[in-house]
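Examining the three-dimensional arrangement
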Amino acid sequence: MNRLFSWKIHILVLFLVLIAEFIGVKTLKLGIGSIAFFPMLYALIIGAIISLPKFKILSEKDMTVASNILGISFMLFVTKLATLMGPSLSQLFDAGFSLVFQEVGHFLGTIVLGLPIALLLGMKREAVGATFSIDREPNLAILSEKYGADSPESRGALGVYICGTLFGAIYLSLIASLIASTGWFHPISLAMGAGVGSGSMMAAMTGSLSIMFPDSANDIAVFAGAANLITTIVGTFICVYFSLPMTNLLYKYLEPILGRKSKKEKSAGE
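Throughout what follows, the structure given in this document is the object of discussion.

What counts and what doesn't
Residues numbered from 1 in each chain as written. Predicted model: local features only at pLDDT ≥ 70, side-chain atom pairs only at ≥ 80, totals over all residues. Heavy atoms only, no water. Helix = DSSP H or I, 4+ residues; strand = E, 2+ residues; numbered from the N terminus. Buried < 20%, exposed > 50% of the residue type's maximum accessible area, 1.4 Å probe, protein only. Contact = heavy atoms within 4.5 Å. Areas by Shrake-Rupley, 256 points an atom, 1.4 Å probe, with all protein chains shown as cover. Expected span 1.5 Å × (residues − 1). Arc of directions from axis to C-beta. Salt bridge = Lys/Arg side-chain N within 4 Å of Asp/Glu carboxyl O. Axes fitted to C-alpha atoms, helices over the stretch in contact; angles between N-to-C directions. Parallel < 35°, antiparallel > 145°, perpendicular 65-115°, else oblique. Left-handed = near helix turned anticlockwise from the far one by under 90°. Nonpolar A, V, L, I, M, F, W, Y, C, P; charged D, E, K, R; others polar. Patch = residues over 30% accessible without salt bridge, like charges linked within 9 Å, V, L, I, M, F, W, Y side chains within 5 Å. Core = buried A, V, L, I, M, F, W, Y, C linked by side-chain atoms within 4.5 Å.

Let's shift gears to the overall build of the chain. Secondary structure assignment for the chain yields 13 helices and two strands. For the chain, the proportion of its 270 residues judged to be buried stands at 37%. Put simply, 74% of the contacts in the chain that link residues at least 6 apart link residues at least 24 apart. Surface summary for the chain: the accessible area is close to 15700 Å², and the carbon and sulfur share equals 71%.

Laid out in structure tokens, this is it:
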């Protein structure tokens, strides 16, 4: 029970929620659209600041408790999505092919765009783990089983996992509101794009889209949840049988062209 309860954590959460809700939704106008800043974003930023070790507000024990509570919170969030999906099953079946087809975008974005950039930055085999997927829990497990937990591939994936955990929700919430404000895409297509395989990132994008399209809030939550579920289930098999082999194949051909030689390799060449 101690792992799931702490007066300090619960009081801080209540405090953050009150501050975030008091600030409310703010909109920043840009050239091609606008970015919506919503309460969840403020809570994420303030929470990140007060958890910095130098402030000594939260201990490692407090963070462990918060992590355990977060897992339960996401279960409640997913349960809520499931209750919304029931009445909308016919809509989901109608959009079945579209929901599955979005997986194409997931691997194209990470492999085709991400791998060359990672190689240009000087990454070696770490680039394979960092770019074969968005690197959430199932993807880390795949690499750990195939290459080992201490392999370069696993280290690359873990780096992306940490960055996604720290900055993913904030980054995607801003991107979602910016793209939505352009009016180029239907709210449902944006909702499906929110299902990237991460509960926190999906929640952040769904929150932004719901604010931008309040009349479609329920549909956005339904399709984002369905897309996220499909990404987690179908995406795992795609990563094993397609994304990882394809990333390895591209690495074999692109690394000699785009990769940087390490100091040891340069010394050996000279």
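Taking 1.5 Å per residue, twelve residues should reach 16 Å; helix H2 (residues 39-50) reaches 17 Å between its end C-alpha atoms and fits that length. Every buried residue belonging to H2 is among Pro39, Leu41, Tyr42 and Ile50, and all of these are buried. Along H2, the residues classed as buried sweep out an arc of 160° about the axis, all on the same side.

The tally for this structure, following the rule as stated, stands at three salt bridges. The salt bridge partner of Glu255 is Lys124, with a shortest N-O separation of 2.9 Å. Here Glu255, found in helix H12 (residues 217-258), pairs with Lys124, found in the loop between helix H6 (103-120) and helix H7 (126-131); they are 131 residues apart in sequence, far enough to count as distant. Judged by relative accessible area, Lys124 falls into the partly exposed class, the value being 21%. Here Glu126 and Arg155 are joined by a salt bridge, their closest N and O atoms 3.8 Å apart. Here Glu126 is found in helix H7, whereas its partner Arg155 is found in helix H9 (residues 152-182), with 29 residues between them in sequence. The class of Arg155 is partly exposed, set by a relative accessible area of 42%.

Here we take up the packing of helix H1 (residues 7-23) against H2. It is at 8 Å that the axes of H1 and H2 come closest, and there the two elements cross at 135°. One way to sum up the angle between H1 and H2 is to call them oblique. Crossing of H1 against H2: the hand is right-handed. Residues Leu12, Leu16, Ile19, Ala20, Glu21 and Ile23 of H1 lie in contact with H2, whose contacting residues are Pro39, Tyr42, Ala43, Ile46, Gly47 and Ile50. A per-class count over the contact of H1 with H2 returns ten nonpolar, one polar and one charged.

Here we come to unusual backbone geometry. Even without being glycine, Lys56 reaches a positive phi, approximately 55°. Looking at the secondary structure, you find Lys56 in the loop between H2 and helix H3 (60-85).

This part takes up a nonpolar patch on the surface. Taken together, Met40, Leu44, Ile45, Ile49, Leu52, Phe55 and Ile57 make up a surface patch of nonpolar side chains, about 520 Å² in accessible area. Locating Leu44 in the fold gives a position in helix H2. Exposure remark for Leu44: the relative accessible area of 32% places this residue in the partly exposed category.

Further remarks concern the environment of Leu18. Structurally, Leu18 can be placed in helix H1. According to the relative accessible area criterion, Leu18 is exposed, its value standing at 55%. Residues Leu18 and Ala43, 25 residues apart in the sequence, show an inter-C-alpha distance of 9.4 Å.

Taking 1.5 Å of rise per residue, 17 residues should cover 24 Å, and H1 covers 24 Å from first to last C-alpha, within 8% of that figure. Of all the residues in H1, the buried ones are Ile9, Leu12, Leu16 and Ala20. Projected down its long axis, H1 shows its buried positions confined to an angular sector of 65°, all on one face. Residues of H1 that are exposed and point over 90 degrees away from its buried face: Trp7, Ile11, Leu14, Leu18, Glu21 and Phe22. Looking one or two places after H1, you find Gly24, whose phi comes out positive at around 75°.

A few words on the side chain of Thr206. Examined against the element boundaries, Thr206 turns out to sit in helix H11 (residues 199-212). If sequence neighbours within four positions are ignored, Thr206 has contacts with Ala194, Ile220, Ala221 and Ala224.

So, about the environment of Met40. Structurally, Met40 can be placed in helix H2. Accessibility expressed as a relative area gives 30% for Met40, which makes it partly exposed. For the pair Met40 and Val17, spaced 23 residues apart in sequence, the C-alpha to C-alpha distance is 8.2 Å.

The next point concerns the nonpolar core. Leu209, Phe213 and Phe223 are the most contacted members of the largest nonpolar core, which totals 19 residues. Of all the secondary structure elements, the ones that give two or more residues to this core are H9, helix H10 (187-193), H11 and H12. In terms of residue count, H12 provides more of this core than any other element does, five residues in total. For Leu209, the residues in contact, after removing those within four places along its chain, are Ala176, Ala180, Leu190, Ala191 and Ile220.

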